[in-house]
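A structural walkthrough
Letter by letter, the chains look like this.
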There are 4 protein chains.
Amino acid sequence: MCNLENPSLNFRTDMADERRDIYAKANKIEDEVEGIEVKTEEIDKNIKVSTVKILNENGAKAIGKPIGTYITIDVKNIKIAGDEEIQKASEVLSGQLKPLINSHISNIDDILVVGLGNIYVTPDSLGPKVINEIDVTRHLIKYLPQYIDENTRPVTAVAPGVLGTTGIETLEILKGIVDNIKPKMIIAIDSLASRSIERISSTIQIADTGIVPGAGVENTRKALNEENLGVKVIAVGVPTVVESAVLVNDCLDLFIEKLQDEAKSNEYLNEIKDNDNYEEIKEVLIPKDYNMIVTPKEIDSLIENMKDVVARGINFSL
Amino acid sequence: MCNLENPSLNFRTDMADERRDIYAKANKIEDEVEGIEVKTEEIDKNIKVSTVKILNENGAKAIGKPIGTYITIDVKNIKIAGDEEIQKASEVLSGQLKPLINSHISNIDDILVVGLGNIYVTPDSLGPKVINEIDVTRHLIKYLPQYIDENTRPVTAVAPGVLGTTGIETLEILKGIVDNIKPKMIIAIDSLASRSIERISSTIQIADTGIVPGAGVENTRKALNEENLGVKVIAVGVPTVVESAVLVNDCLDLFIEKLQDEAKSNEYLNEIKDNDNYEEIKEVLIPKDYNMIVTPKEIDSLIENMKDVVARGINFSL
Amino acid sequence: MCNLENPSLNFRTDMADERRDIYAKANKIEDEVEGIEVKTEEIDKNIKVSTVKILNENGAKAIGKPIGTYITIDVKNIKIAGDEEIQKASEVLSGQLKPLINSHISNIDDILVVGLGNIYVTPDSLGPKVINEIDVTRHLIKYLPQYIDENTRPVTAVAPGVLGTTGIETLEILKGIVDNIKPKMIIAIDSLASRSIERISSTIQIADTGIVPGAGVENTRKALNEENLGVKVIAVGVPTVVESAVLVNDCLDLFIEKLQDEAKSNEYLNEIKDNDNYEEIKEVLIPKDYNMIVTPKEIDSLIENMKDVVARGINFSL
Amino acid sequence: MCNLENPSLNFRTDMADERRDIYAKANKIEDEVEGIEVKTEEIDKNIKVSTVKILNENGAKAIGKPIGTYITIDVKNIKIAGDEEIQKASEVLSGQLKPLINSHISNIDDILVVGLGNIYVTPDSLGPKVINEIDVTRHLIKYLPQYIDENTRPVTAVAPGVLGTTGIETLEILKGIVDNIKPKMIIAIDSLASRSIERISSTIQIADTGIVPGAGVENTRKALNEENLGVKVIAVGVPTVVESAVLVNDCLDLFIEKLQDEAKSNEYLNEIKDNDNYEEIKEVLIPKDYNMIVTPKEIDSLIENMKDVVARGINFSL
């Protein structure tokens, strides 16, 4: 599971679109931020796509994220979706993913799909489950070329496991595989720990700047990106849990809001609400070892649906 | 999954031992409460057992629970337990369960073990998973009597499913089965939604007064107890989740405590801390549909371990 | 899992259509057998439906099955089917099931869907897995009538488990439930042990005459049918395994055929081939405890696909 | 899943001990075969261990297997074993594995445990399931050295998946990982397709000469051994399925035996029985695409038990 937090910045969110808004507001910029391009599209009443392109160092500095393309697909009610909605969502994913892939490599270049996460921990099992559904072709091209079209793109797929189960950094495992099979691109799927309750189980996040797997051993997590692996890494992430501190912080705000409505608040509470107390709350929680995760009740079926959306979306794109 | 809350009382907890303490404190009773017998036992450094017996109507009224026996087994670190600790915990469970069973029925009387909950929702899957491990004997006694000891107790086991999946009240399903196979006792296993974070994944709660399954359709949940089923129901419950409101309330208190330590609190905050804001917080959360559950990260392996503890504990007792 | 064999008859198969053919051949009947109506339909190149109606006692005696309707849907390649084929197959199932249901009850009458089998044994897990996908409505009609159409049919669904795990005859469990919730019809889903290798993983069998669950304790299996339960029982069965003896018998025939082709056979072998040695082979296997099951390699994904076909087919019909 | 067959030799079996017996019989050798050392040990009434050491080229040629140590542990009734028997079996495994490991590397040298097979196909899921239970230490030594003993052996564990799901040869994946993390030894766990029904679910086979994974693309499977990976590979294999042809061949023999007993056999049948018809039977089965696997009915619980035996046995050894 990937943890999006980035404590060195003062953005509470890791989402490029939200950071851009925060930056614009803080700097009282009404129009476009130089070096950042934003686009929003409503596909239908249930699905919305927003794209942030960071074009240069100015844009990168403004919102503290590397130059690249960041796409967020919002899908309402995916946890109770029927087959039609799943199909629709996977087509939207493919509609975003395919051009992004093609902007970096040709359509016969090798792609390695990587499913990050732990198959034995439900909210972290999305990556490995998607891998099982990817239509791999490289072995067929090699051993049964007569049965497949000659322009078929070689696709491979691995689920490298997590540091706590393998004892090996994900980067180390992937480096070895990349060296041996030499793909031109990696697509990495991961469950995300979101900082926003609203976004749980309803967004797919795509970025062509890579991903940092695992929240295990804080200081040593190594990014899966072009710098470390030598090939472009497109990340496909789905928030499946929030941290306890996020839930508490959000609810504290709602609670104070209610007190304000009832005129029971005061200066101190107002101040608490205006600040982001995430770090303080986290600090309070850690010594108590309240190492809990917060998930929707329907997490098992949510993961099944998202697995279908992501696997089909990727298969259509390849 | 069973929800222990009982909003008509002003006890935050459903645990008999904690209610007794609250009552004694509120009424400035130093010694024993009349009609209530309390016993605590340290089995070893990891396991503690406390027993509350409500002996008469006075005791029942004092803490708002029916006459009966309530046992809590605290097991530290069950989520990372090895095989030896699991064995030990199951022996302690059996050590409590066996005399409780024998205080109500003879040792050749029929017992029906019921696994409540939904096998497809990890934190609610304990009951059905235990059922798969119960050593059932009734069919052997009937069809293969030559292979088993003639004093074997007839044991049966069912996992009736949950209202949302079956469309049928658990009580209705069980009533039919009880009428047909006429057991002398039911042992019902369920995952619990606890009001205490501390107790998640570390306690087993036994009561001979039955259980209320499901948190589905609030007003219509029917108790599985002697009154409704005609046979004694022993409940074996394991807290596996807490509600969002519980987490927020507990953390809010910790947060204010920290502000107090730093002399940043004030009268209002102090008051918030002294009161139990659970109901208000819940009210704030509900309109936002923050219908999240809070579980330990290791919930999958916790359930596996607890399944072994409970299944073996019951098998040893029968 | 249901075992179709019926050793008291000299039919090797339990399929109504095959029995009719055997009977016709044995009695040199060229045309129709009196009391039996047969219809075959090709839906598309992958799906074929054949229907046998036994109209009276003469037909029933001829092929040794009760008066009723027997439908077989053949679906090629279901184990590697994509989503479209699964959808198509479920529509064909619904196209057969719906009129059969409506020929017995009105479209607002209560239906109880029963998933037979053991969720912990892959080839026997179809029934319980389908149950999890059935759209149940009875509890909504009872508790949330404002949210649903007033002509909604009350649907309930249970997975009663298997004798070896519950210690209770499936009939006993269901009788209790039927007495309490009084459905007008039962639809029972089960994995079948087929006598034909060809039919594994490619047919769905429907009959409105009920089903005999379990192959456990031979003499005591009780039929789930109108006689025993008081309501019409429609069986939906999918062959997922064959017995060892079936495989051996079929292969022995193929082997002798090859010897015949190579002119290496002899009178004895020819005789072996002409006879059905199933019973003798079974006899040889039993003392060795070669209690093996024969399944397709892809049994796990076959079950997943069949689960979707059957669940959707039933949901469309209700 | 690994296929032990080796059609270029005329041994029906791949087991070193059985080959030695066949060779000795064929060559009328009463005593020891030069270059081969055999030892058999009865641990208790349920567990037997036999060891074959091939000491030189003469021994290797005699039975057609590379120089090395081959150990077979026979465990009766593992599929219905209780916790005590599982513990006992894992201790016996460890008792064999530990000295074998120590004969090749020192007790602080790095070991990589590899779980071969497909987690989504029950009889092939043993390897990946064992991996989840291995006590890995390498990351702790690296990141949390203060918490562990300084002589702890670095242990890592991966489940590389199967060619059909990843599109990558297992050897390619492992080569990359071995190059990066440089273990001194690999322990590879795999489900085996056995040629003997008797051995299903009751033996563990250990060899220090490596393993050939997958039965997928016949001509191109590459051995996981010292030659290809640069480090010693110890294979731990558990037979979980037999091929259809094996079952048919064995049963054909039993069937003819019965005919012989009843004096109904003849010269041809006797000849069939004396020969090994495995290849002919296979040939007959293939064009019919009878691509079935034969497993015990209790395969799911067998895998669970074997997973515990193998995982604990390896953990005790490391």
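Further up the page is the structure itself.
In what follows, the accompanying structure is described. Since we're looking at a predicted model, the values are computed, not measured. (Residues numbered from 1 in each chain as written. Chains lettered and ligands numbered in written order. Predicted model: local features only at pLDDT ≥ 70, side-chain atom pairs only at ≥ 80, totals over all residues. Heavy atoms only, no water.)

So, on to the environment of L192(C). You can see L192(C) is positioned in strand 7 (residues 185-194). Distance from L192(C) to E262(C), taken between C-alpha atoms, is 37 Å for residues 70 residues apart in sequence. (Helix = DSSP H or I, 4+ residues; strand = E, 2+ residues; numbered from the N terminus.)

Here the focus is helix 3 (residues 83-102) of chain B. With 20 residues, helix 3 of chain B extends 28 Å from end C-alpha to end C-alpha; this agrees with the ideal 28 Å at 1.5 Å per step. Among all positions in helix 3 of chain B, only I86(B), A89(B), S90(B), V92(B), L93(B), S94(B), Q96(B), L97(B), L100(B) and I101(B) are buried. (Expected span 1.5 Å × (residues − 1). Buried < 20%, exposed > 50% of the residue type's maximum accessible area, 1.4 Å probe, protein only.)

Quick look at empty space enclosed by the protein now. Vacant regions in the atomic arrangement are exposed by a probe of water-molecule size rolled over the atoms. Under the defined criterion, the tally for this structure stands at eight cavities of 30 Å³ or more. Taken as a whole, the largest cavity encloses approximately 520 Å³ of empty space. Lining the largest cavity are 32 residues; nearest its centre among them are P128(B), A159(B), G161(B), A159(C) and G161(C). Broken down by secondary-structure element, the contributors of at least two residues to the lining of the largest cavity are helix 4 (126-131), strand 6 (155-158), helix 6 (163-166) and helix 7 (170-181) of chain B together with helix 4 (126-131), helix 6 (163-166) and helix 7 (170-181) of chain C. Grouping the constituent residues of the lining of the largest cavity by class yields 20 nonpolar, 12 polar and no charged. (1 Å grid on protein atoms, 1.4 Å probe; cavity = no way out; pocket = protein on both sides within 12 Å on 5 of 7 lines; lining within 4 Å. Points joined across faces, edges and corners; volume = space filled by probe spheres on them. Nonpolar A, V, L, I, M, F, W, Y, C, P; charged D, E, K, R; others polar.)

All names here are of chain D. Relative to the helices and strands, T170 is located in helix 7 (residues 170-181). What makes T170 buried here is its relative accessible area of 9%. Ignoring sequence-local partners within four residues, the contact set of T170 consists of L116, P160, G161, P213 and L224. (Contact = heavy atoms within 4.5 Å.)

Let us look at the relation of the copies chain A and chain D. The operation linking the two copies of the chain is a rotation about an axis combined with a translation along the axis. Once chain A has been moved 0.0 Å along the axis and rotated by 180 degrees, it coincides with chain D to within an RMSD of 0.1 Å. With respect to symmetry, the two chain copies, as superposed, fit the operation of a two-fold axis. Ranked by how close their C-alpha atoms come to the rotation axis, the residues of chain A are headed by G176(A), at 1.8 Å. Of all interface residues in chain A, 100% are interface residues in chain D too; the two copies therefore contact each other through one and the same surface. (Least-squares fit on C-alpha atoms with pLDDT ≥ 70 in both.)

With that settled, consider the interface of chain A and chain D. Facing the 35 residues of chain A at the interface are 35 residues of chain D. At the boundary of chain A with chain D, total buried surface from both sides reaches about 2,700 Å², with 58% on carbon and sulfur atoms. At the junction of chain A with chain D, the criterion picks out two salt bridges. Where E172(A) meets R138(D), a salt bridge forms, and the shortest distance between an N and an O atom there is 2.9 Å. Between the two partners, chain A and chain D, sit eight residue pairs in polar contact (both at pLDDT 80 or more). Elements that contribute at least two residues to the side of chain A that touches chain D include exactly helix 4 (126-131), helix 5 (138-143), strand 6 (155-158), helix 6 (163-166) and helix 7 (170-181) of chain A. For the side of chain A that touches chain D, the leading source of residues is helix 7 of chain A, giving eight residues. For the side of chain A that touches chain D, a count of residues per class yields 17 nonpolar, 10 polar and eight charged. (Buried area = accessible area lost by both parts, 1.4 Å probe. Salt bridge = Lys/Arg side-chain N within 4 Å of Asp/Glu carboxyl O. Polar contact = N/O pair within 3.5 Å; in protein donor to acceptor, adjacent residues only side chain to side chain.)

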